[in-house]
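# Analysis of the macromolecular model
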Amino acid sequence: MESWFNRRFEALYEHPLQEGRCRILLATEGEALAGMVSYVYWPLEGTGKNCRSYQILGVLVSPDFRGKGVFATLLDAMKQAGTDDKADYLIGFPVPASKPAFVKKGWTHVFDLSWYIRPLSILAALRRRAFKGGAFSSEVPENLESDGFMQTAADSNFWKYRRGLMPEWPSWWHEFQKDGYRVCIQFRIGVRKGLNEAIIGKIYPGSAPATIIRAALRSLFGALRKEGSTVFVSLALNPSCKTETLRAVEKMFLKTGKQIHFINMSFSGNTDGFSPEDWNMMRGDIDTW
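In this report, we go over the structure that sits alongside the text. Just so we're clear, the structure is a prediction, and the values are computed from it rather than from any experiment. Every chain is numbered independently, its residues counted from 1 as its sequence is written. For this predicted model, a pLDDT threshold of at least 70 governs which residues receive local features, and a threshold of 80 or more governs which side-chain atom pairs are given and counted, while totals over whole chains, interfaces and linings are taken from all residues. As a rule here, side-chain values come from all non-hydrogen atoms in the structure, and water together with hydrogens is ignored.

## Examining helix α2 (residues 70-84)
- Put simply, DSSP H or I for four residues or longer makes a helix, DSSP E for two residues or longer makes a strand, and each gets a number counted from the N terminus. One fewer than the residue count of a helix, multiplied by 1.5 Å, yields its expected span. With 15 residues, α2 ought to run about 21 Å at 1.5 Å a step, and its terminal C-alpha atoms sit 21 Å apart, in line with that.
- Buried positions along α2 lie against β1 (23-29), β2 (32-41), β4 (53-56), β5 (60-61), β6 (89-92) and α3 (99-104).
- Of the residues trailing α2, K86 is marked for its positive phi of about 55 degrees. We call two residues in contact when some of their heavy atoms are within 4.5 Å.

## Describing the packing of aromatic side chains
- Ring pairs are drawn from Phe, Tyr and Trp, using the six-membered ring of Trp, whenever the two centres fall within 6.5 Å, and their geometry is named by plane angle: stacked under 30 degrees, edge-to-face over 60, tilted for the rest. On inspection of all chains with the given rule, the structure shows 19 aromatic pairs.
- Here the aromatic cluster, defined as three or more aromatic residues joined through ring pairs, consists of Y89, F93, F111, F262 and W279.
- Criterion for a charge above a ring: Arg CZ or Lys NZ at most 6 Å from the ring centre, at most 35 degrees from the ring normal. Positioned above the aromatic ring of W159 is the side chain of R162, whose terminal nitrogen or guanidinium carbon lies 4.9 Å from the ring centre.
- Against the face of W289 rests R188, its NZ or CZ located 5.0 Å from the ring centre.

## Notes on the pattern of salt bridges
- Throughout this description, the term salt bridge denotes a Lys or Arg side-chain nitrogen within 4 Å of a carboxyl oxygen of Asp or Glu. This structure, assessed with the given rule, holds 10 salt bridges.
- For D85, the salt bridge goes to R23, with nearest N and O atoms at 3.0 Å. Of this pair, D85 sits in the loop between α2 and β6 while R23 sits in strand β1; the two residues are 62 residues apart in sequence, bridging distant segments of the chain.
- The buried category is assigned to D85, whose relative accessible area is 16%.
- Judged by its relative accessible area of 26%, R23 is partly exposed.
- With a shortest N-O distance of 3.1 Å, E175 and R182 are connected by a salt bridge.
- Relative accessible area decides the class of each residue, using a 1.4 Å probe on protein chains only: under 20% of the type maximum gives buried, over 50% gives exposed, and in between gives partly exposed. Residue R182 is classed as partly exposed on the basis of its relative accessible area of 26%.

## Some words on the pairing of strand β11 (residues 195-204)
- With 10 of its 10 residues buried, β11 lies for the most part within the structure.
- Sheet topology places strand β10 (residues 181-192) next to β11; nine bridges connect them, and they run antiparallel. Paired with R192 across the strands is L195, a residue of β11.
- Two strands qualify as a pair provided that DSSP identifies no fewer than 2 bridges between them. From the end of β10 to the start of β11, which pair antiparallel, there are two residues, and K193 there has a positive phi angle of about 50 degrees.

## Some words on the environment of T83
- Relative to the assigned elements, T83 resides in helix α2.
- Its relative accessible area of 43% is what places T83 among the partly exposed residues.
- It is 30 Å that separates the C-alpha atoms of T83 and D147, two residues lying 64 residues apart in sequence.

Written out as structure tokens, the structure is:
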């Protein structure tokens, strides 16, 4: 665990990409550490040129200092830091227990990501094989192309950097091309009650219509069935953003009641960041992906 944490810390705060861009804020009392919060540079697409955007990481409060206003103090300090850094946006994905505190401090609860799931293979449930990624690429595809909505930038170099944020949880890419369109799907393998689950983190479809995206998903399903270890496929996305990806997913997946909150704070006065229909966010847009 120490090795894992050290690598994640270095990727989050000490990588050249983050130099002069990230912030770690500490709350102390004497020599005691009461809590901390941080944010890192997080390039967004669909927000205009030269957008200064950051993603907040988890707010931690020591058990010895809970109930003493440390959480609120940290949020105030982060808001001031965002102002000092001339941020356009601070974005975050808070747990349900902390969301009201963020809203009280001026954050906007823009929308909730909804989880969708699809059963894939009963045979895989019986076999219980370990996943082998030989049919997929662990390398980030070059020239990723988004659909133009607000989301993590389709920047191959940033996605290569992102691999260090969750060490020892590899991601895989599946590419599909048809009729001049190219769809790139990223996923990781999780385990739910002992069963392998392919969790789609991001779909970069370019200008592909829903029919092509559905074909790309069917291609992924076929490759996963052939590999033989995956029982379910799931993904989280914003149902308020009426993308071609959403149209494809709604035809192929079952919507569940599970959600992830998305909050935003704007420092530029630009109100685009408060329109839920503008954000094509998915599980892969969260720092813990």
